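# Summary of the model geometry
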Amino acid sequence: RIESMKKQPPALAEAVLLLLPLALILVLGVQPTTAQTPSISAYPSLLTKSGQNVTVTWANLSDPTPTDWITVHSPANQSDYIGYVALSPSETWQEGQGKWTLPLVNNRNDYGFRLWSNATGQEVLVAVSNNVTFENPREPLQGHLQLTADPSEMRLLWVSGSKQGPVVHYGTRQGDLTKSAPADSSTYSIEQLCDAPANLTVNFREPGWIHDAVLTGLEANTSYYYKFGSEEDGWSEEYRFVSSPGVGANVSIDFFVYGDMGTSFPFYIEQDQQPPAAQTTHWIRKFLKEQLDSSPSLVLHLGDISYARGLAFIWDWFFEEIEPVATRVPYMVTIGK
């Protein structure tokens, strides 16, 4: 065929040579290769509770480098990120694909993820994920107990998405919560914050509604079960605490004292991070379970609490982190150390 092509006029021979690869594709069924578009997705896209894991998957990232990364955004449409993670820790990053699983805190906003490539020596946004939302963004969360000046009382604070009818139901038998304590509700706006960086739009987050209830008429050194929320926002799970022993009681008290705890995250943030914070709450929970199953106790946190320093989203993650402890024993704080 090549010999016969040489006998054809030059223009005709050139056209045949150009069409020959296409003819082979049609005859042999060979598909031409095309570059695939980088992608990033998050699953599940609807979370049923705070702290639930989501898996972020990326693929088709051409010319991957150790400095490619994913940024975390909440709200999802906000240009500034709250955190980031490098892709290189993934075992398959050099293949241009991988997975990353992390828990997300219900902060009454949605989340989104963005994939960045550094193949050209400059950071380039190559893909944006679907949004991740919570089934109930108004969910009552961040419960934390506090002592009052009266040993027959216990204060409980929590956060939710509305101020409609917040209440605490409590009692001395599990599942039989016969007493109720209504809560006062308050919130704050960006205009009420005194200075930067807290009052910068990029750093502010709507705090939700903060509810404050006082449980009264408690018997001394007694286990109480409780749940909090409202018909509008839903209800928390059922928790348990032990009331104060009363003035002059001859009992021992175990309590925890620490400072500079901060907050741990499943990603990097543009702020001081304290990875040991998760270990602090882990060991307190372990001690409570093993040693203080029926004895009263408290936590005294001596300042430098969350290390938020004006980044409002950090407070939601901090209260999520301490909730397993603060819903079990009074969590008392002081300013500074």
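Structure shown above.
These numbers were taken from a predicted model, which means no experiment stands behind them.

Among the structural elements, leucine 215 can be located in strand 14 (residues 209–215). When its relative accessible area of 1% is taken as the criterion, leucine 215 is described as buried. In sequence terms leucine 215 and leucine 156 are 59 residues apart; their C-alpha atoms lie 7.6 Å from each other. Those residues in contact with leucine 215, other than ones at most four positions away along the chain, are Ser152, Glu153, Met154, Leu156, Val168, Tyr170, Ala181 and Phe241.

This part is about the packing of aromatic side chains. Here the structure, examined in full by the defined rule, presents 23 aromatic pairs. Ring geometry for tryptophan 69 and tyrosine 84: centres 5.4 Å apart, planes at 75°, overall edge-to-face. With a gap of 15 residues between them, tryptophan 69 in strand 4 (residues 69–73) and tyrosine 84 in strand 5 (residues 83–86) connect regions that are remote in the sequence. In textbook terms, an aromatic cluster arises when at least three aromatic residues are bridged by ring pairs, as seen for Trp158, Tyr170, Tyr224, Tyr226, Phe228, Tyr239 and Phe241. Taking NZ or CZ as reference, lysine 227 lies 5.3 Å from the ring centre of tryptophan 235, over its face.

The antiparallel open sheet is built from 4 strands, whose spatial order is 5-4-7-8. Lying at the two open borders of the sheet, with one neighbouring strand each, are strand 5 and strand 8 (124–128). Taken pair by pair, the neighbouring strands of this sheet meet at an average axis angle of 30°, ignoring direction. One ladder, built from 4 bridges, connects strand 7 (residues 112–117) with strand 8; its direction is antiparallel. Looking at strand 8, one finds that leucine 115 is bridged to alanine 127.

With that out of the way, let us pick up the pattern of salt bridges. A complete count under the given rule lists 4 salt bridges for this structure. Close ionic contact of arginine 138 with aspartate 233 constitutes a salt bridge, the shortest N to O distance being 3.6 Å. Of this pair, arginine 138 sits in the loop between strand 9 (133–134) and strand 10 (141–146) while aspartate 233 sits in the loop between strand 15 (223–230) and strand 16 (234–235), and the two are 95 residues apart along the sequence.

Conventions used here
- Residues numbered from 1 in each chain as written.
- Predicted model: local features only at pLDDT ≥ 70, side-chain atom pairs only at ≥ 80, totals over all residues.
- Heavy atoms only, no water.
- Helix = DSSP H or I, 4+ residues; strand = E, 2+ residues; numbered from the N terminus.
- Buried < 20%, exposed > 50% of the residue type's maximum accessible area, 1.4 Å probe, protein only.
- Contact = heavy atoms within 4.5 Å.
- Phe/Tyr/Trp six-rings, centres within 6.5 Å; stacked < 30°, edge-to-face > 60°.
- Lys NZ or Arg CZ within 6 Å of the ring centre and 35° of its normal.
- Pairing = 2+ DSSP bridges.
- Axes fitted to C-alpha atoms, helices over the stretch in contact; angles between N-to-C directions.
- Salt bridge = Lys/Arg side-chain N within 4 Å of Asp/Glu carboxyl O.

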